Structure formats: structure tokens, C-alpha cells
Amino acid sequence: MHITVNAAGLALKVSELPDEHKTCIYRLVQEAVNNAARHSGARNVRVIVRNSRNRVEFSVQDDGAGFDKTAVRGLGLLGMEERVGRLGGTLRIDSEPGRGTTVAAELPLPEIAQREIEALPRETDAAHSRIAG
Ligand SMILES: Nc1ncnc2c1ncn2[C@@H]1O[C@H](COP(=O)(O)OP(=O)(O)OP(=O)(O)O)[C@@H](O)[C@H]1O
Ligand SMILES: [Mg+2]
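Description of the structure in this document.

Rules of the game
- Residues numbered from 1 in each chain as written.
- Chains lettered and ligands numbered in written order.
- Predicted model: local features only at pLDDT ≥ 70, side-chain atom pairs only at ≥ 80, totals over all residues.
- Heavy atoms only, no water.
- Donors = N, O, S within 2.8 Å, 3.2 Å for Na, K, Ca; no water.
- Helix = DSSP H or I, 4+ residues; strand = E, 2+ residues; numbered from the N terminus.
- Buried < 20%, exposed > 50% of the residue type's maximum accessible area, 1.4 Å probe, protein only.
- Pairing = 2+ DSSP bridges.
- Axes fitted to C-alpha atoms, helices over the stretch in contact; angles between N-to-C directions.
- Contact = heavy atoms within 4.5 Å.
- Expected span 1.5 Å × (residues − 1).
- Arc of directions from axis to C-beta.

Bringing the coordination of the magnesium ion (ligand 2) into the picture now. Protein ligation of the magnesium ion (ligand 2) involves E31 (OE) and N35 (OD1), the donor distances falling in the range 2.0 to 2.1 Å. Of this pair, E31 and N35 both sit in helix α1 (residues 19-40), separated by 4 residues, roughly a single helical turn. Overall, the relative accessible area of 17% leaves N35 in the buried class.

Right, here's the structure in full:
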């Protein structure tokens, strides 16, 4: 299974994220990649992480077998929902049998983190405005 990671739209440093956001992203990507490896038979997995001024978004997409979301409710999927929900975010799972699966999450950034991000000197304004729009 081939994995690519695209963080070109991440205009902040990972160290600038609150610890609980870092943990949430890490655990979700870990579980989603694990699921793709164990259940999907995918050849390719793509991980994308990016942020705008007030939220961080990430997704894990595989080109494997997909599954019927209405028929399964495992602890892994429930755990993802719970982690994202605790941070006030949203989780979306797009999957159908025979098609791949995309797990996508959005986490709002707390105001303190936003202010810290805005206060930092930047050479990446272009990256900022690209995803802000
Ligand atoms: N990327 C995927 N591709 C295909 N099927 C998937 C994928 N992710 C989840 N599934 C299906 O959904 C089920 C539930 O996933 P979930 O992560 O909740 O549980 P699990 O992986 O079976 O067990 P656990 O995560 O608790 O070790 C899986 O057993 C599998 O059938
Ligand atoms: Mg799992």
C-alpha cells in the first residue's frame, strides 16, 4: 500500500497546534490508515492536512473496497467520532461498497491558537490566502 501525505496547505507549524488537536489528528489518521490497510485492500492512501485561520482540516482517502456505513459501527469509527466531537469538530465518512473510503474531519481552532498563529511572522502568506478563500 502506497501512502502519500500532502501538508502543503498547512500554514502553521504542528507545534503551534494545541496538544489535544495534535493528539486528535494523530489518532484519527492512525486509525483511518490502519483501517485502510486492514479492511480495504487499497493500493493507494492519500493523507491531506491543511488549515485556514480558524480551523484545521484533514482527510484520509483510500482507493480500496469501501463499505456500507449503515451496516457497520465499529469501535474505531466510534472513537473517531467521539474524539472529533469532543473538540467541537465534525467528521465525515464517505464510503460505498466497491468504491474507496474517505474519512474527513474539521476541527475549529480555539481563539488563543488563532491569535498565536496570526502573531507569528510569516513567509507563507500565499499559502494562507490560497486556502482562506
Ligand atoms: N477504509 C476502509 N475500507 C473498507 N472497510 C472499512 C474501512 N474502514 C472501516 N471499514 C469497515 O468498517 C468496520 C468498522 O471499522 P472500525 O475501525 O470501527 O472497526 P475495526 O477496524 O473492525 O476494529 P477496531 O478499529 O476496533 O480495531 C471494519 O470492520 C470494516 O468492515
Ligand atoms: Mg479500525
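On to the sheet that holds strand β2 (residues 44-51). In space, the 5 strands of this open sheet follow the order β1-β2-β3-β5-β4, with mixed pairing throughout. What marks the edges here is a single partner per strand, and that holds for β1 (2-9) and β4 (90-95). When the angles between neighbouring strand axes are averaged without regard to direction, this sheet yields 10°. Here β1 runs beside β2; their pairing, made up of 6 bridges, is parallel. In the sheet register, V5 faces β2, and the bridge partner there is V47. Packing against the sheet, α1 makes contact with β1, β2, β3 (55-62), β4 and β5 (101-108), and its axis sits at approximately 10° to β3. The sheet contacts of helix α2 (residues 75-86) involve β4 and β5, and relative to β4 the element is tilted by about 150°.

In this model, α2 (12 residues) spans 16 Å end to end at C-alpha, consistent with the 16 Å of a helix rising 1.5 Å per residue. Buried within α2 we find L77, M80 and V84. In a view along the axis of α2, the buried residues occupy a sector of 55°, so they form one face of it. Residues of α2 that are exposed and angled more than 90 degrees away from the buried face: L75 and R86. Buried residues along α2 sit in contact with α1, β4 and β5.

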